Structures are given as C-alpha cells and as structure tokens.
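Letter by letter, the chains look like this.
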Amino acid sequence: MLDRLQALADRYEKLSELLCDPDVAGDSKKLREFSKEQSDLQETYDAYMEYKSVSEQYESARAMQNEKLDDEMKELVKMELEELTERKTELEERIKVLMMPKDPNDDKNVIVEIRGAAGGDEAALFAADLYRMYSKYADTQGWKIDVMDVSMNDLGGFKEIIFMVNGKGAYSKLKFESGAHRVQRIPATESGGRIHTSTSTVSVMPEMEEFDIEIHDNDIRVDTFCSSGAGGQSVNTTKSAVRVTHIPTGIVATCQDGKSQNSNKEKALQVLRARIFDKAQQEEMEKYGAERKSKVGTGDRSERIRTYNFPQSRVTDHRIGLTLHRLDAIMNGDMEEIVSALTIAAQTEQMEKGEYAGA
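Keep in mind the model is a prediction, meaning the values are calculated, not measured.

What about the overall build of the protein chain?
Then step 1. Looking only at helices and strands, one finds nine helices and 11 strands in the protein chain.
Then step 2. The contacts in the protein chain between residues at least 6 apart in sequence include a share of 62% that link residues at least 24 apart.
Then step 3. When the accessible surface of the protein chain is summed, it comes to about 19,300 Å², and 48% of that surface belongs to carbon and sulfur atoms.

Description of the UniProt feature "coiled-coil region" (unreviewed entry) in the protein chain
Then step 1. The UniProt entry lists residues 62-94 under the feature "coiled-coil region" (unreviewed entry), expressed in the numbering used here.
Then step 2. The span residues 62-94 carries 85% helix and 0% strand; its end-to-end C-alpha distance comes to 24 Å.

Quick look at the pairing of strand β3 (residues 158-166)
Then step 1. Most of β3 sits inside the fold, with seven of its nine residues counted as buried.
Then step 2. Sheet analysis places strand β1 (residues 110-116) next to β3, joined by six bridges and oriented antiparallel. Its bridge partner lying in β3, Ile 114 is registered against Ile 161.
Then step 3. Here strand β2 (residues 144-152) pairs with β3 via eight bridges, running antiparallel. Bridging from a neighbouring strand, Ser 151 pairs with Glu 160 of β3.
Then step 4. Count of turn residues in the β2/β3 antiparallel hairpin: five residues, of which Gly 156 carries a positive phi of about 90°.

Considering the side chain of Arg 314
Then step 1. Counting through the fold element by element, Arg 314 comes out in strand β10 (residues 314-317).
Then step 2. Buried and unpaired, Arg 314 has Asp 317 as its nearest opposite-charge partner, separated by 12 Å.
Then step 3. Of the polar contacts made by the side chain of Arg 314, one reaches the side chain of Gln 312; its length is 3.0 Å.
Then step 4. At 3.5 Å, the side chain of Arg 314 forms a polar contact with the side chain of Thr 316.
Then step 5. When residues no more than four places from it in sequence are discounted, the contact partners of Arg 314 are Gln 184, Thr 307, Tyr 308, Asn 309, Thr 323, Leu 324, His 325 and Leu 327.

Some words on the pattern of salt bridges
Then step 1. If you walk through the whole model with that rule in mind, you get 24 salt bridges.
Then step 2. A cluster of three or more residues bridged by salt bridges with shared partners is formed by Glu 113, Arg 115, Glu 160 and Arg 275.

Quick notes on the confidence of the model for the protein chain
Then step 1. Considering every residue of the protein chain, the mean pLDDT works out to 85; 87% of them sit at 70 or more.
Then step 2. Confidence drops under a pLDDT of 50 for residues 231-235, and excluding neighbours within four residues, the segment shows 10 contacts in the predicted structure.

Brief notes about a nonpolar patch on the surface
Then step 1. A contiguous nonpolar patch, built from Met 73, Leu 76 and Met 79 and spanning about 260 Å² of accessible area, is present on the exposed surface.
Then step 2. In this structure, Leu 76 sits in helix α4 (residues 71-98).
Then step 3. Accessibility expressed as a relative area gives 45% for Leu 76, which makes it partly exposed.

Describing the sheet that holds strand β8 (residues 251-255)
Then step 1. Reading across from one edge, β6-β7-β8 is the order of the three strands in this open sheet, with antiparallel pairing throughout. Each edge of the open sheet carries a strand with a single partner, namely β6 (220-225) and β8. Along the sheet, successive strands turn relative to each other by an average axial angle of 15°, direction set aside.
Then step 2. Where strand β7 (residues 241-246) lies against β8, five bridges are found, and the strand directions are antiparallel. Its bridge partner lying in β8, Val 242 is registered against Cys 255.

Thoughts on the packing of aromatic side chains
Then step 1. Within this structure, the stated rule accounts for five aromatic pairs.
Then step 2. A centroid spacing of 3.9 Å and a plane angle of 15° characterise the contact between Tyr 12 and Tyr 45, whose relative ring orientation is stacked. On the criterion of sequence distance, the pair formed by Tyr 12 in helix α1 (residues 2-19) and Tyr 45 in helix α3 (residues 28-65) is long-range, its members being 33 residues apart.
Then step 3. Tyr 12 gets classed as buried once you look at its relative accessible area, which sits at 10%.
Then step 4. Seen from their ring centres, Tyr 131 and Phe 158 are 5.7 Å apart, and the 70° between their planes marks the pair as edge-to-face. Of this pair, Tyr 131 sits in helix α5 (residues 120-141) while Phe 158 sits in strand β3, and the two are 27 residues apart along the sequence.
Then step 5. Feature note: the residues Tyr 131, Phe 158 and Phe 163 constitute an aromatic cluster, connected by ring pairs.
Then step 6. One cation-aromatic arrangement involves Arg 185 over Phe 310; the distance from NZ or CZ to the ring centre is 4.9 Å.

About the criteria used
Residues numbered from 1 in each chain as written. Predicted model: local features only at pLDDT ≥ 70, side-chain atom pairs only at ≥ 80, totals over all residues. Heavy atoms only, no water. Helix = DSSP H or I, 4+ residues; strand = E, 2+ residues; numbered from the N terminus. Contact = heavy atoms within 4.5 Å. Areas by Shrake-Rupley, 256 points an atom, 1.4 Å probe, with all protein chains shown as cover. UniProt positions renumbered as here; feature names shortened; annotations may be inferred. Buried < 20%, exposed > 50% of the residue type's maximum accessible area, 1.4 Å probe, protein only. Pairing = 2+ DSSP bridges. Lys, Arg positive; Asp, Glu negative; His and termini not counted. Salt bridge = Lys/Arg side-chain N within 4 Å of Asp/Glu carboxyl O. Polar contact = N/O pair within 3.5 Å; in protein donor to acceptor, adjacent residues only side chain to side chain. pLDDT = per-residue confidence, 0-100. Patch = residues over 30% accessible without salt bridge, like charges linked within 9 Å, V, L, I, M, F, W, Y side chains within 5 Å. Axes fitted to C-alpha atoms, helices over the stretch in contact; angles between N-to-C directions. Phe/Tyr/Trp six-rings, centres within 6.5 Å; stacked < 30°, edge-to-face > 60°. Lys NZ or Arg CZ within 6 Å of the ring centre and 35° of its normal.

Written out as structure tokens, the structure is:
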C-alpha cells in the first residue's frame, strides 16, 4: 500500500505543477479536469503526508531510546512514543478507508421511489412517514427535495412517491436504504387496538446524466394524459402528465407533478435513465452471483432491511444487527447514526476482502 500511496502523492504533486502551467491555465477543459483530479486526491494526500511525518518522528524517538538519557528524558521519550504510536495507528486506519475504491456515483443526486407494499392503506400511510423521514434528514444535510410523481390514497398515504434528492454526497449516504421497510404499530384504521405489520419498499438510484445513459428518440414512446389525484380522479383538464416507455427494455416512467408537459417529460426521462441504470446493475449482480453481493447493500428490493416497532420505540437494521430505541427521533430525520453504521459496515467489509484502490 505504501507504494500506491507514494504514487498517489507523486501524481498530486505533478498536478500542482500542471495547474501552474500557462498552457493548462489557458485550457478550461484541462484546468477543470486536473483541478477535479487533484481535489479528489487531496484528503488522501494530506493523510499520507501526515503519516510520513509522524513515522519519521516515531523513528527519531525510538532512536533516542538507545541514547544515554536521564530518567526525566526517558519518561518524556516514552510518552512521546505512546502518542506517536496512537496517532500512527489512527492514520493507518484512516488511510485504509481513503484508499478503498470509491463508488463513482457517491457524489450524485439520487432518485428515491417509495411504495406502499403489504398492508393496504396502512402501508401507504407508512410510505408517507418514510418520505417525511427522508425529507427531514435531507434538511439536516442541506439537500433539496424535488417531488417528481406521487399517487395518494384517500387517507393521505402514498401508494407511490418518486422524488429527487439534490445535494453533494446524497447517493453515498442514502444508497443503503433500498429494500423493504417493515412497520409494526396500531394503524389509524384499526379500531380494535391490535398491532399490525405492514411494509413499504424503498428504491434509491443515482441520477444519470444524458451522457451516462443515452436514450434515442426512436427507442421511446411518449404518451400524455390528464394528471390525477387521490382515488384516480382527474385534477387537470390539460394533458400535462407524461408517460415515457423505453421500448428495448419495457421500462416505464411517469411524471404528473408539474404543470408543464415539457417539464414532466424531462423528469420522466430522468427517472427512466435511473431505472435503466438500476436494471443493468441488478442484472450484473445476478450474473456474478452472491459472492459479489455486499451484506449491507445487496440491491435486492424485496429484502427486508429494517423494522420500525412503534410500541417499543425501536428501530432495527437487520443487515448489521443495529437496534436503536429512539424511533421518534429517527422518524423525524435523525438518521445519521444509522447511515454512519451502514457506511462503516460496508467499509469494514471492503477491508476484510482487501479491496483497495489500485489493488
């Protein structure tokens, strides 16, 4: 790993030289490309430089132990070695994480789809609760929510809601949310006070740009219709709602949230691109088998990943065995502990498999 770190440091310093080159400064494409590459290397470079410095200090302190020192100086050297050893270990662990291959989609916006599954109206109400949870979490991260399509029931629950989360790092933090979310509580529709179990499914997909997923006009069919509200009744007399079908795959995306047909078409195409990419990912996973799957994020939309037990104020993530007894706070968007635990679990799994950048 040290050889790869030194190669990374050499590249970082070469980029510093290139960015000072007048020819590069006059070429906006190269300037942007080199600046981004150096920015991506910055954190690892800084950590490696500190590691080298700490290692040199550590070796110097060890060499001092072989010299004739009075008792006071021996104690000072011993304390310094303990501090340097601790810092050296911390940096080694941090560098291991930084050297892991980064998901190229981590910094992208995401498209999230939540659907009420088993449980009828209660599942739809829980889908609305999940949307509220993610919306409040997005607020804490400084992200923006843009609803793209929604289908409601008569009780205000969501049969389905599709929305985009705009913000740096949105995919890196939300990508492990895909799967079946189970709720155990007394439904508002239950008069006998019995606890019911219902599920809603969540799908998180990175936003794909036009150059990421190319869709040809002759590969899609565009249908327009009047938008509808709860129960399916028409709420608009103009055909502003848009349904786009990708003929080669049969994937369909619909958007009726905006008032403009053009705006709805563009949003539907965004969803379509994300779904096409997601389908390709699922097929690749199936092709390479279970050994390529991560226990944290298998991508299986039917997998039960989490249970929200309201009577016991308990949330359990089944993939990593994490149980928290503060359901109200989590449903109000305080999700960072879960997000961090899932991220650490994924990183630990990568380290156990020896997956490092450049390996």
